[in-house]
Amino acid sequence: MPHKDPEIRRAYERERHRRRAADRRAQGLCQKCGKTRPAPDRNLCESCLERARAAERARYSRARAGGAAYGGRCPESRRRMARERTRKRRRERKEAGLCVRCGELAPAEGSVFCETCRGERRAAERKLYAERRAGGRCGRCGAEVIDNASTCASCAARDSKRRPRKNAASRARYRDRRARDTCVDCGNASDGASRCAPCARRSWYSSNVHRGMPVHPPRYTVYELFTGVEHGPLDSWEEVAMYLAFAKLSRHEVEIVEDASPMSRYTSW
């Protein structure tokens, strides 16, 4: 008999189940029990679905307890299915005008994330970057680096190719925001200025003016020794020489006082 062959028997049973499922689907019944109507957008009824879920959870728990990844399923297929679900979810949320991460709030300008999700993502990326750099690894991918560099060779090469595109996108965003009279940093209203008040204040305090005591160029003052007349201040030795020539004063008739920045003694060679 043909059913004594295991391969033939399995093929026969699969075909029989397909025919039975097709018949029950045509009648509008659950494909498993064939007694009740299936759940909305499903092929099985609620009771059969719940039994299938319970059996899958039990099987998954047994596989995880045995140390199998993805509950014993094929890792490649599971990762592929997860990526497909993620792409579909992001596409649907983006078309609906929602944050692609939480799907609840509207995204910030120029981003697909809302402000809350964007802040959480930045905090997580900073933490991951700090942990990788503390371990002497690449801050981008976590690979080993040479001479304590911030990125590995492959990430550095990839960044060098991305930089022109990033600069072009930054310039386009700058032109667009200037044309709309909004802040070039955050996109909020700026009353016609290039930056709003908070961004301008942040840019000012992050400039070189507030990075310790500035190193100003020296200035010079000329004092006549016999009359005590003060001339200056002058900005360079060349101005001092020209002033002495026009005033017909010799070097021995005056005293030149240099007013140098206090930080110049720490920064000069």
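Presented here is an overview of the structure given in this document. Everything numeric here is computed off the predicted structure, so don't read it as measured data.

1. Thoughts on the overall build of the chain
Okay, so step 1: If you tally the helices and strands in the chain, you get eight helices and three strands.
Okay, so step 2: Its helices and strands taken in sequence order, the chain reads α-α-α-α-α-α-β-β-α-β-α from the N to the C terminus.
Okay, so step 3: With the C-alpha coordinates aligned to their principal axes, the bounding extent of the chain is approximately 130 × 45 × 30 Å.
Okay, so step 4: With 269 residues in all, the chain has 18% of them scored as buried.
Okay, so step 5: In the form shown here, the chain has an accessible surface area of approximately 20600 Å², with 52% of it arising from carbon and sulfur atoms.
Okay, so step 6: Of the charged side chains in the chain, 63 are positive and 35 negative, and the gap between their average positions amounts to 14 Å.

2. Points about the nonpolar core
Okay, so step 1: Ranked by size, the top nonpolar core spans eight residues in total: Tyr220, Val222, Leu234, Val240, Leu244, Leu249, Val254 and Ile256.
Okay, so step 2: Every element with two or more residues in this core is listed here: β1 (219–224), α7 (237–247) and β3 (254–259).
Okay, so step 3: Here Leu234 is in contact with Arg219, Tyr220, Val222, Glu239, Val240 and Tyr243, once residues within four sequence places are set aside.

3. Things to note about the pattern of salt bridges
Okay, so step 1: All chains considered together, the criterion is met by 13 salt bridges.
Okay, so step 2: With its nearest N and O atoms 2.7 Å apart, the salt bridge here joins Glu56 to Arg59. Of this pair, Glu56 and Arg59 both sit in helix α2 (residues 46–65), three residues apart, which is roughly one turn of the helix.
Okay, so step 3: Overall, Arg59 belongs to the partly exposed group, its relative accessible area being 22%.
Okay, so step 4: Here Arg79 ties to Glu76 by a salt bridge, and the two come within 3.4 Å at their closest N and O atoms. Residue Arg79 and its partner Glu76 are located together in helix α3 (residues 75–95), separated by three residues, close to a single helical turn.
Okay, so step 5: On the basis of relative accessibility, which here comes to 49%, the residue Glu76 falls in the partly exposed class.
Okay, so step 6: Ionic contacts of the salt-bridge type, sharing partners, join the residues Glu50, Arg53 and Arg57 into one network.

4. A look at the side chain of Arg132
Okay, so step 1: Residue position: Arg132 is located in helix α4 (residues 115–134).
Okay, so step 2: With residues up to four places along the chain from it excluded, the contact list for Arg132 reads Arg137, Cys138, Gly139, Arg140, Cys141 and Gly142.

5. Some details on the sheet that holds strand β2 (residues 230–234)
Okay, so step 1: With respect to topology, three strands assemble into an open sheet ordered β2-β1-β3, the strand pairing being antiparallel. Only two strands of the sheet have a single partner each, and these edge strands are β2 and β3. Neighbour to neighbour, the strand axes of the sheet diverge by 15° on average, direction disregarded.
Okay, so step 2: As paired strands, β1 and β2 are joined by three bridges and run antiparallel to one another. When the bridges of β2 are listed, Val222 appears paired with His231.

6. A short note on α4
Okay, so step 1: Here α4 is 20 residues long and its end C-alpha atoms lie 28 Å apart, about the 28 Å a rise of 1.5 Å per residue gives.
Okay, so step 2: All of the buried residues in α4 are Cys117, Arg118 and Arg132. Taken around the axis of α4, the buried residues stretch over an arc of 95°, which confines them to a single face. Facing away from the buried surface of α4 by more than 90 degrees, the exposed residues are Glu115, Arg126, Lys127 and Ala134.
Okay, so step 3: Two residues or fewer past α4, Gly136 is found with a positive phi of approximately 70°.

The rules we used
Residues numbered from 1 in each chain as written. Predicted model: local features only at pLDDT ≥ 70, side-chain atom pairs only at ≥ 80, totals over all residues. Heavy atoms only, no water. Helix = DSSP H or I, 4+ residues; strand = E, 2+ residues; numbered from the N terminus. Buried < 20%, exposed > 50% of the residue type's maximum accessible area, 1.4 Å probe, protein only. Areas by Shrake-Rupley, 256 points an atom, 1.4 Å probe, with all protein chains shown as cover. Lys, Arg positive; Asp, Glu negative; His and termini not counted. Charge placed at Lys NZ, Arg CZ, Asp CG, Glu CD. Core = buried A, V, L, I, M, F, W, Y, C linked by side-chain atoms within 4.5 Å. Contact = heavy atoms within 4.5 Å. Salt bridge = Lys/Arg side-chain N within 4 Å of Asp/Glu carboxyl O. Pairing = 2+ DSSP bridges. Axes fitted to C-alpha atoms, helices over the stretch in contact; angles between N-to-C directions. Expected span 1.5 Å × (residues − 1). Arc of directions from axis to C-beta.

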